[in-house]
Amino acid sequence: MTECNQIRFSFAAHYSRKVVAQFADTRLTTDGGGLLLRQVDRKVGLLRRLVQCFQDGRDPDRIEHRLEEMLAQRIYGLALGYEDLNDHEQLRQDPLLSMLAGKRELNEPLAGKSTLNRMELVPRGEASEQRYHKITYSQEAMDELLVDLFLESQETAPRQIILDLDATDLPLHGQQEGRFFHGYYGHYCYLPLYIFCGDHLLCARLRSSNIDASAGSLAEVQRIVAQIRARWPKTQIVLRADSGFCRDELMSWCEQQRVEYVFGFARNKRLRRRIAPAMRAAKQQYRRTGKPARVFTEFRYRTRKSWSRARRVIAKAEQIAGKENPRYIVTSLTQPEWTAQNLYEQLYCARGEMENRIKEQLSLFADRMSTEALRSNQLRLYLSSMAYVLVHALRRLGLQGTEWAQVQVHTIRLRILKIAAQVRITARRIWILYTSSYPWKDLYHTVWSALRC
C-alpha cells in the first residue's frame, strides 16, 4: 500500500560543493508529479471503466502484463510526455510508472514496446480468432464513456450547454488506410471530428480526409444529444461551428429536435448585395474615424437549392484598412434574447476557444497516426483523448481557484508533472522524495490536498 499525504510528505534537501554526474542504480524518476494523475483517476474512475471497453482474448494463465496495466502505462505515458512506444523500452523499468500502472511487484518490468504495439494493432474480427492480436475494443463503449465523464463532472444539470464542433488535420507520412491529399491543408492527412463542451471532450472521431468537414457530424450529434438528454432532459443544447458545418440536414434536425444552433455561413454575391446598405455605413464610419468599423444587420435568407427553408442570417459588415471584411452566421436563436451584435461577438466568436482545446490534444500526441489500419489509429486517438480527460480533470479538480486554473496541458506537464524524485521502497511503504528547491511546492501541496480521496 502506498501512502503519500501532507503529513508524511517529505522534501529532501541536497547540498554539494562540486558537481559529480553519473547514472546510478538509485531509483530516480523525472515524473514525480504523476502521483497527482493517479489521485485524479481515483476520483473520476477513468482507467477502471476504460478497461471495460476492451475485450481481452488472451489465455489468462499466460498473461504477464494485465490489460489495465498496459492501458494505464500508455495513458500516463502520454500525459507525462512520452509519445512513442519505443520510449517504453526504458520506461518499463521506471519504478514510479510501475506504481502508477498498478504493477503488483515493482521489481518486475512493465510491458515493452512490442507488447503495447500488439495491444494497439487491434484486429478487424473477433479477438479470439486472432493468433497474435487478441485485444480489441468497442468504439461505442469508448464514445459513451467520454460523454459519461462529462455528465458526471457537473454537480447539477446546467440550464444551457454549448457543443462546439470542429475538424482539424493530422498529417500522415506513410501509406495508412484512408490516406488522402487535402487541398486546403496541402498535405496527406486524416480529418478527425472533435466535439467539445467548454473544456470537456465529448467526441474524437478519426476520418479520412476525402470528405466534407461535416461528414458524419449529424450521427455524432444525435448520439451525444440523446445521452445528455437522458440525464438532463430540461437542459437547452446549442450547437456552434464554423461554415464547414452549415448543412441543411444538420440544421433541419436541430429544428425538429429543439436543439439550437449557431453556424458560420460562407460568403457569396447574393449575401453581399443584401448587406450593401450596411457596408456603405461601415465605409462612411471608417472614413470618419480611420479605424476599423462594424455595422451589424440581419435578415431572413434561403439558398436557391440547398436549404429547405428560410432562416435567420446575421451579417457583420466590416470595413478595415484597404478592404471589406464581411462575415455571416445562420442561427435558430431569436430576438430579443440575442441581438445581432451580441450573438456574433459574444456567442459565435467564443467558439475560437475550441482551437486551444484541439492544440492541447496535439500536445498529448493525438497526431501519432503511424499504424497502418484506420481502426488502430482510432484507438491511438482514443488513448490521447483519455490522457486529455485525465489532465483536464487535474486542472478542474486540483487547480481550481489557483492562478493556474486556466493553464494549458503542456504547462501542467512541465511545471507540475515533470518533477525529479527519488523512489525509496521499504517493507511497509513506498516513499517519494522531492527536492526542497522545487519552485512550486506550495502549489503542489494545494493540489494534493484538493485531490485527496
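Further up the page is the structure itself.
Keep in mind it's a predicted model, so treat the numbers as computed, not measured.

So, on to helix 9 (residues 248–256). Burial in helix 9 covers these residues: D248, L250, M251, S252, W253 and C254. Residues of helix 9 that are buried in the fold lie against helix 8 (217–231), strand 11 (236–241), strand 12 (260–265), strand 14 (311–320) and strand 16 (327–331). Where helix 9 terminates, the next one or two residues include R258, which has phi positive at roughly 60 degrees.

On to the pattern of salt bridges. Per the counting criterion, the structure on display carries 32 salt bridges. Salt-bridge contacts for E255 lead to R311; the nearest nitrogen and oxygen are separated by 2.8 Å. Within this pair, whereas E255 is found in helix 9, its partner R311 is found in strand 14, the two being separated by 56 residues in sequence. We note a salt bridge from R357 to E360, for which the minimum N-O separation is 2.9 Å.

Our next topic: the sheet that holds strand 7 (residues 180–182). The sheet built from three strands is open, its strands ordered 6-8-7 with antiparallel pairing. Two strands close off the open sheet at either side, each with one partner strand: strand 6 (170–171) and strand 7.

Next up on the list: the side chain of S214. Along the chain, the position of S214 falls in the loop between strand 10 (200–205) and helix 8. Its relative accessible area of 5% is what places S214 among the buried residues.

Let us look at the packing of aromatic side chains. Following the criterion strictly, the structure yields 18 aromatic pairs and no others. Measuring from centroid to centroid gives 5.9 Å for Y344 and Y348, while their planes differ by 35 degrees, and the two rings are tilted. Within this pair, Y344 and its partner Y348 are both found in helix 12 (residues 340–348), separated by four residues, close to a single helical turn. Note on Y344: relative accessible area 6%, which makes it buried. Feature note: the residues W404, Y434, Y438, W440 and Y444 constitute an aromatic cluster, connected by ring pairs. The ring of Y188 is capped by R179, whose NZ or CZ atom sits 3.7 Å from the centre of that ring. In this structure, R311 is placed above the aromatic ring of W307, and the distance from its NZ or CZ to the ring centre is 5.3 Å.

By the element assignment, I224 lies in helix 8. Owing to a relative accessible area of 0%, I224 belongs among the buried residues under this scheme. The sequence separation of I224 and Q139 amounts to 85 residues, and the corresponding C-alpha distance is 14 Å.

Another point: the packing of helix 3 (residues 67–79) against helix 6 (residues 113–120). Helix packing for two helices is described by the angle between their axes and how far apart those axes are. Put simply, helix 3 and helix 6 touch, their axes get as near as 11 Å, and they point 100 degrees apart. With respect to helix 6, the element helix 3 is oriented roughly perpendicular. For the pair formed by helix 3 and helix 6, the contact residues are L67, M70, L71, Q73 and R74 on the first element and T115, L116, M119 and E120 on the second.

So, on to the pairing of strand 8 (residues 187–190). Regular strands show a simple pattern: their side chains alternate between the two faces of the sheet. Sheet topology note: the strand 6/strand 8 ladder contains two bridges and is antiparallel. Across the sheet, P171 pairs through a bridge with C189, a residue of strand 8. The pairing of strand 7 with strand 8 spans three bridges and is antiparallel. Looking at the pairing, H182 lines up with H187 of strand 8. Between strand 7 and strand 8, which pair antiparallel one after the other, the connecting turn spans four residues, and G186 there sits at a positive phi close to 80 degrees.

Calculation criteria
Residues numbered from 1 in each chain as written. Predicted model: local features only at pLDDT ≥ 70, side-chain atom pairs only at ≥ 80, totals over all residues. Heavy atoms only, no water. Buried < 20%, exposed > 50% of the residue type's maximum accessible area, 1.4 Å probe, protein only. Helix = DSSP H or I, 4+ residues; strand = E, 2+ residues; numbered from the N terminus. Contact = heavy atoms within 4.5 Å. Salt bridge = Lys/Arg side-chain N within 4 Å of Asp/Glu carboxyl O. Pairing = 2+ DSSP bridges. Phe/Tyr/Trp six-rings, centres within 6.5 Å; stacked < 30°, edge-to-face > 60°. Lys NZ or Arg CZ within 6 Å of the ring centre and 35° of its normal. Axes fitted to C-alpha atoms, helices over the stretch in contact; angles between N-to-C directions. Parallel < 35°, antiparallel > 145°, perpendicular 65-115°, else oblique.

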